[in-house]
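A closer look at the structure
For reference, the chains in residue letters:
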Amino acid sequence: MLLPWLRGTLAVALLVVPGRVAQAEAVPRFLVFHLDAVSACVFEAALADGRLPNIVRVFEGGTYRHALTLFPASTPMVYPRLRTGECNAGGVAVGFGGFDRARDRPIHEVEVFLGLVEALPRRAVTTLVYGVPGLDVLASLAMQNLPALLERYEVVEFLWFSTDACGHLFGADAHARSMDRFDAALGQLLPHIDLERTNLILYADHGLTFCDDTVDLDALYEARVGGDLRHVACPNLYLHDPDAAARVAAALAADGGVDYAFFRAAPDRVEGYVDGHWLAFVGDGDGVAYRSHDDPLGYAELGYDGAALTPEAWLDLTVNARYPATPANIYGYMQHPDAGDVVAGVNPPRIPRTLRANRGNHAGIVASDLVVPVLTRGPDLAHIDAGRPIWLHQLYGGVDELTEARQPTREAHAFGVAWRLDDASAVAHVTVSPGEGRRLVADADRDRWQAWADVDVASTYLTRWWLGAGVAYQPLVGAMDPMARATVELDLANARVSVDATYTPRRWTVGVGLSLRVVDGWRVWFRSPTAVGIAVEW
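Owing to the predicted nature of the structure, the values given are computational and were not obtained by experimental measurement. (Residues numbered from 1 in each chain as written. Predicted model: local features only at pLDDT ≥ 70, side-chain atom pairs only at ≥ 80, totals over all residues. Heavy atoms only, no water.)

**Comments concerning the environment of Val 441**
Within the secondary structure, Val 441 is located in strand 22 (residues 438-444). Between the C-alpha atoms of Val 441 and Trp 314, which are 127 residues apart in sequence, the distance is 58 Å. (Helix = DSSP H or I, 4+ residues; strand = E, 2+ residues; numbered from the N terminus.)

Given below as C-alpha cells:
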C-alpha cells in the first residue's frame, strides 16, 4: 500500500512545484536594507575610497538620492514612521524618552525601545542583538537566508545596526569597518538574488558625528535652568511653568551654551536661537516662513526671500546647506503634543556626552546628522526621481507592498521518504500547513507513528522555534500516548539543521536532522542515527 501512495504523491508534487515557482516569480519582491547611522557625507566618502564595491555593483543602473531624516535623528523616530508616512508632528516617539503630559508621567527609554521592537518585522527583531559589536558575524550569516525568504515574502527587510553601535562606542574607524562588513555580506548574497526581478532599497536612517568634544548637557541644564526643570529627555526639556520657555531658551543659548534652543511662542510660531542668534519659524497654511535678524541658517545666500515654503520646497532649496530644511523640521516637531517646552542641543563638532556614546553621536540639526543616502533599483521603483531629495519618512509612499507588508497564507507543504541504513526499513514524513506559522505533521516507521500540530513561537532570520502537541502510537505493542514536542530549525542558505525533543509518558527522545536544498522544492535529508532520504516542498 505504501509504494503506490508514495508514487502518486511524488507525481502530484512534480506537477505542483514548478507552477508554484512560476507564480512566485510574477509577484513583485522588495528587499530593503536599513543601514543604521550612516550620513550621506560619510557614505559618499566611503564610495569615493572604493570601500563599498558590492553596493556599487548591486545598485549599478539604479538611483541615488539624498533624504532628510526627521528631527531628532534617531531610529525610534524614523523607523515606525516609514510605513505610516507621518512626519514628526504626529506618531508616538519624540526621541529616546519624553514626558506624557496627559498622564503626567515620564516616558522612559525602555518604553521607546519596546515601541521600536513592536514596529519591526517579526523576524527582524533579533537584528537588534546582531548589532552588538562582535555579533555582526551573525548578521552576515543571516543575510545569506534572504533569498529563501524572498520566495515566501513580498517584502523582506534587513536592518544592519552594527554601524550605529560601533560608531557610538568606538568612533569613525570602527564605524567604517562595520560598513565594510555589510558590503562583504552583500557581496556573498549577490549571486543568489535575481537583480532583474527584485526591487532593492538601501537607506540609512540618520547620520553620526565623530569627535572628542563632548558636552555634559545634563550638567549644563542643571546649572542654567535649575529648579525650572520638571523632566529632561534630550532634546526635550519639560518645565514646571511652560510660560518660562522663552527665558529658559535664552539662558541655554547664551555664552556658548547649547548650539540651538527652540520654544513655542504661539500655536503657529516657534522661536529660538541658533549659534546664539535669534530666529523664528511662522506657520502659514501648509508652509513655514523663516524670520531672523542676521540669518544664522545662511538661507539668504541660497535665494530665500522670506516666503512660507512647504516642507518639500524647503528641502529642495536647502538640502546641501549646513542646516537642511530646519524651519519645516523644527516647526513640525514642535507641533507634537509630547515635544518639550524647550528643545535644545549641540551641533558638530560638539556631541552630547552619554554613557554609551562618547566617540560618536547624533543630536544636532545639521546635515551630517540628518542627510542620509537612499539607493534604489528595480522594475517597480523605476518611477523614483533620482535627482530630487526626499523626506525619509516618505520613502515607502506610493509602493503598496511596502506599506501593507502582506504575509504568506501558509507554510510549505512537504512530503518525504527516507530509508534506514541499518535495516533498510522506510520512514515517511508529511507536513500540511493550514496557515502561516502553523503546521500539521505526521511521520511513521515500522516501530512508531506520530502525528502532531506545531505552532511557530519565535522566528529570526536564522532560526525558527516550534512547539507542538499530538499523539504517538506504537503498533507493535498497540500503545497510544499523548506527546509534546519542541523543535528548533537553524537555516543557513540551502542547509537546515533541526533539533527536536519529544516527550511521551513512556520516554524522552531527541532527534537531529540535516536537510540540503538541491533544487527548488527538493531537499535531501538525513536524520540521526542512520536515516537518509528525499523530500519535496510546495
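**A word on the packing of aromatic side chains**
Under the defined criterion, the tally for this structure stands at 16 aromatic pairs. Measuring from ring centre to ring centre gives 6.2 Å for Phe 43 and Tyr 64, while their planes differ by 5 degrees; the resulting arrangement is stacked. With Phe 43 in helix 2 (residues 40-48) and Tyr 64 in strand 2 (residues 63-68), this pair connects stretches of sequence that are 21 residues apart. You can call Phe 43 buried: its relative accessible area is 1%. Ring plane angle 70 degrees and centroid distance 5.2 Å describe the contact between Tyr 290 and Tyr 299, whose orientation is recorded as edge-to-face. Tyr 299 shares its class with Tyr 290; the two are buried. (Phe/Tyr/Trp six-rings, centres within 6.5 Å; stacked < 30°, edge-to-face > 60°. Buried < 20%, exposed > 50% of the residue type's maximum accessible area, 1.4 Å probe, protein only.)

**Section: the packing of helix 9 (residues 162-170) against helix 10 (residues 172-189)**
The interhelical angle for the contact between helix 9 and helix 10, taken along N-to-C directions, is 165 degrees, at an axis separation of 7 Å. As summarised for this structure, helix 9 and helix 10 are arranged roughly antiparallel, according to the angle between their axes. Along this stretch, helix 9 crosses helix 10, giving a crossing that reads as right-handed. For the pair helix 9 and helix 10, the contacting residues are Ser 162, Thr 163, Cys 166, Gly 167 and Phe 170 in the first and Ala 172, Ala 174, His 175, Ser 178, Met 179 and Arg 181 in the second. Class assignment of the residues belonging to the contact of helix 9 with helix 10 gives a composition of five nonpolar, five polar and one charged. (Axes fitted to C-alpha atoms, helices over the stretch in contact; angles between N-to-C directions. Parallel < 35°, antiparallel > 145°, perpendicular 65-115°, else oblique. Left-handed = near helix turned anticlockwise from the far one by under 90°. Contact = heavy atoms within 4.5 Å. Nonpolar A, V, L, I, M, F, W, Y, C, P; charged D, E, K, R; others polar.)

**Points about the confidence of the model for the protein**
Residues with a pLDDT of 70 or more make up 95% of the protein, whose mean pLDDT is 91. Of the regions scoring below 50 in pLDDT, residues 1-25 engages in 24 contacts with residues more than four places distant in sequence or in other chains. (pLDDT = per-residue confidence, 0-100.)

**Some points on the pairing of strand 21 (residues 426-435)**
Both faces of the sheet carry side chains from a regular strand, because those side chains alternate between them. With six bridges joining them, strand 20 (residues 414-420) and strand 21 adopt antiparallel strand pairing. By the bridge assignment, Ala 414 is partnered in strand 21 with Thr 431. The hairpin turn running from strand 20 into strand 21, its antiparallel successor, is five residues long, and Ala 424 in that turn takes a positive phi close to 65 degrees. Two elements, strand 21 and strand 22, share six bridges in a ladder whose sense is antiparallel. Directly across from Gly 435, in strand 22, lies its bridge partner Arg 438. (Pairing = 2+ DSSP bridges.)

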